[in-house]
Structures are given as structure tokens and as C-alpha cells.
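Structure assessment
Letter by letter, the chains look like this.
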Amino acid sequence: AKRLAHLRAGLEHSFERQRRDGRVIKTVGGPMPGGGYVMSFTDITGEARMREELKRTLEELEHRVADRTQELSAANRRLAEADRDKTRFLAAASHDLLQPLHAARLFTAALEREAGEGGKPLVGRVEESIRAAEDLLRALLDISRLDAGGVTPQPEPVALAPFLTGLAESIRPLAAQKGLALRLGPLPGSVRTDPGLLRSIMQNFLTNAVRYTESGGIVIGVRRRGAMWRIDVIDSGVGIEEG
């Protein structure tokens, strides 16, 4: 009845119909320019099966993408929780490890009062080593707080010469224990930065330089690069692989 209605009205039509035997027939009809009406019937069973297969494949892919997205979201949540746990652990461990260092400094102060003139230089070196270890632990605590979003940078002018000289002296006992030479190059200029965070970064560089250098030495220097200052830590160690 629909086809006859289209034929009488001279309207184009197109539809697909699946027969009982499973074949899919496409019917297309339309008026002819000189009068009359033409209809064509085409077996598109293969094309219809391909469309259905493609549809099922797309649905499967959508389900897989949705499942994988949920898995990744869950993995990201676990990573975030692990990262928070790590940050809390670092903060707690750094704080707890500072306590015995405070006690050790009190003991060295008492030992210095009782030591003779010959023993005071040795006590002084012990004090310097304890202070260097304390600075490193404070740097670790600062980094853990920064990672947790608990540190707000407070920029201020920092003269590089006294700042880097003090850092070098704090790390010098560690270098001396390994027989490494620690030298300072030119240290011109000043920067506006958070001194505590800059100290943490530089202590990390210097500690790694001492740790991974078996012989030779370490040089600290400052160079101008345009409107900026570049701080260099150069050592004779194994270096860092290019990433």
C-alpha cells in the first residue's frame, strides 16, 4: 500500500526489508521524467551483515573503552593515594629523624667543652657533619611539604655568593670523607627566589654529586645567561644519562 501510494503521488522512496530466509532486499522507487514510475529491488544481504558486524564491533570497542577508562581511573586513584601516603611518610620520617640529630648536636656541644685543644677540631668536624645531615633532612621535609601543597614560596632577594658558599661548607665534610676536592668558582649576582626551596634544590644536586663521584672533585659556579643567572654543579662522577 505504501509503494502504491508513492507511485500514485510520484514520490521517491527507499527502504530495506529482511525476508524470512534472512536475505535483505533494498527497494528504491522514483518517478521517470517522461512519465511512469520505476522501482528496483537489490539484494544487499552481504552489505547489511557487514553493517551489523561493524555495529557490534563498535559497541564492543565502546564497552572496552569504558571498562579501560574505569580501570585507569581506579589506577589513578590508587596512585594518588599512594602518593599521599608517600608524602605523609616522608614528612613523618624526616621529622622523626631530626630528633636524634638534635640530641647528637647537644652531645657534641658537651663533648667540645670537655675535649682538649687537640680534640676540638675533630669535634668540630663531627658537628659540621651532623649539621650537613640535618640540612639534608630539612630539605627532604621541605620537598615532602611542597609535594603535598603545604609550602607556599616566599621569594626574596638572595645573594648567590654567601648563599652558595654556605651550602658548600655544609657539604664539604661529606666530600672530605670521600677524598673529593670541593672548589668554588665565581659566584656573582643575586636572584629573587625562596631561599629555602633553592637550598633544597642545590643540596640535592650537591649531595648527588658527592654520592656518585668516586674520585676527583666538584666545582660550584655561577654564569650569566642573558638576563638570568645559571648555577652550575660540575663533578667528575658518572654523570646523568640523557633521557
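Scope of this entry: the structure provided in the associated data block. Along each chain, residues carry numbers from 1 onward, in the same order as the chain's sequence is written. With pLDDT at 70 or above as the cut-off, local features in this predicted model cover only qualifying residues; side-chain atom pairs require 80 or more to be listed or tallied, and sums for whole chains, interfaces and linings still use all residues. Side-chain figures throughout are based on the complete set of non-hydrogen atoms in the structure, without hydrogens or water.

**Things to note about the overall build of the protein chain**
Selection criterion: Put simply, DSSP H or I for four residues or longer makes a helix, DSSP E for two residues or longer makes a strand, and each gets a number counted from the N terminus. The buried label applies to any residue whose accessible area, calculated with a 1.4 Å probe on protein chains only, is under 20% of its type's maximum; exposed applies above 50%, and partly exposed to all values in between. Only heavy atoms matter for contacts: two residues are in contact if any of them lie within 4.5 Å across the pair. Note that accessible areas follow from Shrake-Rupley with a 1.4 Å probe, and for residues the cover is restricted to the protein chains shown.
When you go through the protein chain residue by residue, the secondary structure sums to 5 helices and 8 strands. Order of helices (α) and strands (β) in the protein chain, N terminus to C terminus: α-β-β-β-α-α-β-α-β-β-α-β-β. Classification of the 243 residues of the protein chain by burial places 23% in the buried group. In the protein chain, of all internal contacts separated by at least 6 residues, the share reaching a separation of at least 24 is 58%. With an accessible surface of roughly 16900 Å², the protein chain has 57% of that area assigned to carbon and sulfur atoms.

**With respect to the pairing of strand β3 (residues 37-43)**
Our working rule: At least two bridges found by DSSP between two strands are what make those strands a pair.
Here strand β2 (residues 24-31) pairs with β3 via 7 bridges, running antiparallel. Paired with Val28 across the strands is Ser40, a residue of β3. As consecutive antiparallel partners, β2 and β3 are separated by 5 residues, and within that stretch Gly35 has a phi angle of approximately 105°, a positive value.

**Notes on the pattern of salt bridges**
Let me state the cut-off plainly: Any Lys or Arg side-chain nitrogen found within 4 Å of a carboxyl oxygen on Asp or Glu counts as a salt bridge.
Counted according to the given criterion, the structure contains 10 salt bridges. A salt bridge links Glu47 to Arg51; the nearest nitrogen and oxygen atoms lie 3.2 Å apart. Highlighted residues: Glu47 and Arg51, both in helix α2 (residues 45-114), separated by 4 residues, approximately one helical turn. Residue Arg51 is classed as partly exposed on the basis of its relative accessible area, which comes to 36%. Each of Glu16, Glu47 and Arg51 takes part in one network of salt bridges that share partners.

**A word on the sheet that holds strand β5 (residues 181-184)**
The criterion, for reference: Axis geometry follows a simple rule: fit a line to the C-alpha atoms, using only the stretch in contact for helices, then measure angles between N-to-C directions, giving values from 0 to 180 degrees.
Judged by pairing direction, the sheet is mixed, and its 3 strands sit side by side in the order β5-β7-β8 without closing on themselves. At either margin of the open sheet sits one strand with a lone partner, and together these are β5 and β8 (228-235). For this sheet, the mean angle separating the axes of adjacent strands, direction not counted, is 20°. Relative to β8, strand β7 (residues 217-225) is paired through 8 bridges, and the arrangement is antiparallel. Looking at β8, one finds that Arg225 is bridged to Met228. Against the sheet, helix α4 (residues 160-177) touches β5, β7 and β8, its axis set at about 175° to β5.

**Regarding the sheet that holds β3**
Strand order in the open sheet made by the 3 strands is β1-β2-β3, with antiparallel pairing throughout. The open sheet is flanked by β1 (13-18) and β3, the only strands paired with a single partner. With strand direction ignored, the average angle separating the axes of adjacent strands in the sheet is 15°.

**Some words on the packing of α4 against helix α5 (residues 195-211)**
Quick note on the threshold: We call a crossing left-handed when the near helix sits turned anticlockwise from the far one by less than a right angle, and right-handed when that turn is clockwise. Think of it as three bins: nonpolar holds Ala, Val, Leu, Ile, Met, Phe, Trp, Tyr, Cys and Pro, charged holds Asp, Glu, Lys and Arg, and polar takes everything else, Gly as well.
Between α4 and α5, the shortest axis-to-axis distance is 10 Å and the interhelical angle comes to 35°. Viewed along their axes, α4 and α5 form a crossing whose handedness is right-handed. Only Pro195, Leu198, Arg199, Met202, Gln203, Leu206, Thr207 and Val210 of α5 make contact with α4, whose side of the interface consists of Phe163, Leu164, Leu167, Ile171, Leu174 and Ala175. Class assignment for the residues of the contact of α4 with α5 results in 11 nonpolar, 2 polar and 1 charged.

**Quick word on the nonpolar core**
Note the threshold: We call a set of buried residues a nonpolar core when its members are Ala, Val, Leu, Ile, Met, Phe, Trp, Tyr or Cys and they connect through side-chain atoms within 4.5 Å of each other.
Counting 19 residues, the largest nonpolar core has Phe163, Leu164, Leu167, Leu182, Val210, Ile218 and Ile220 as its most contacted members. Among the secondary structure elements, those contributing two or more residues to this core are α4, α5 and β7. A per-element tally of this core places α4 first, with 7 residues. Setting aside its immediate chain neighbours within four residues, Leu182 contacts Ala168, Ile171, Arg172, Ala175, Ile218 and Ile220.

**Overview of the environment of Leu187**
Relative to the helices and strands, Leu187 resides in the loop between β5 and β6 (190-193). Expressed as a C-alpha distance, the spacing of Leu187 and Thr165, which sit 22 residues apart in the sequence, is 8.6 Å.

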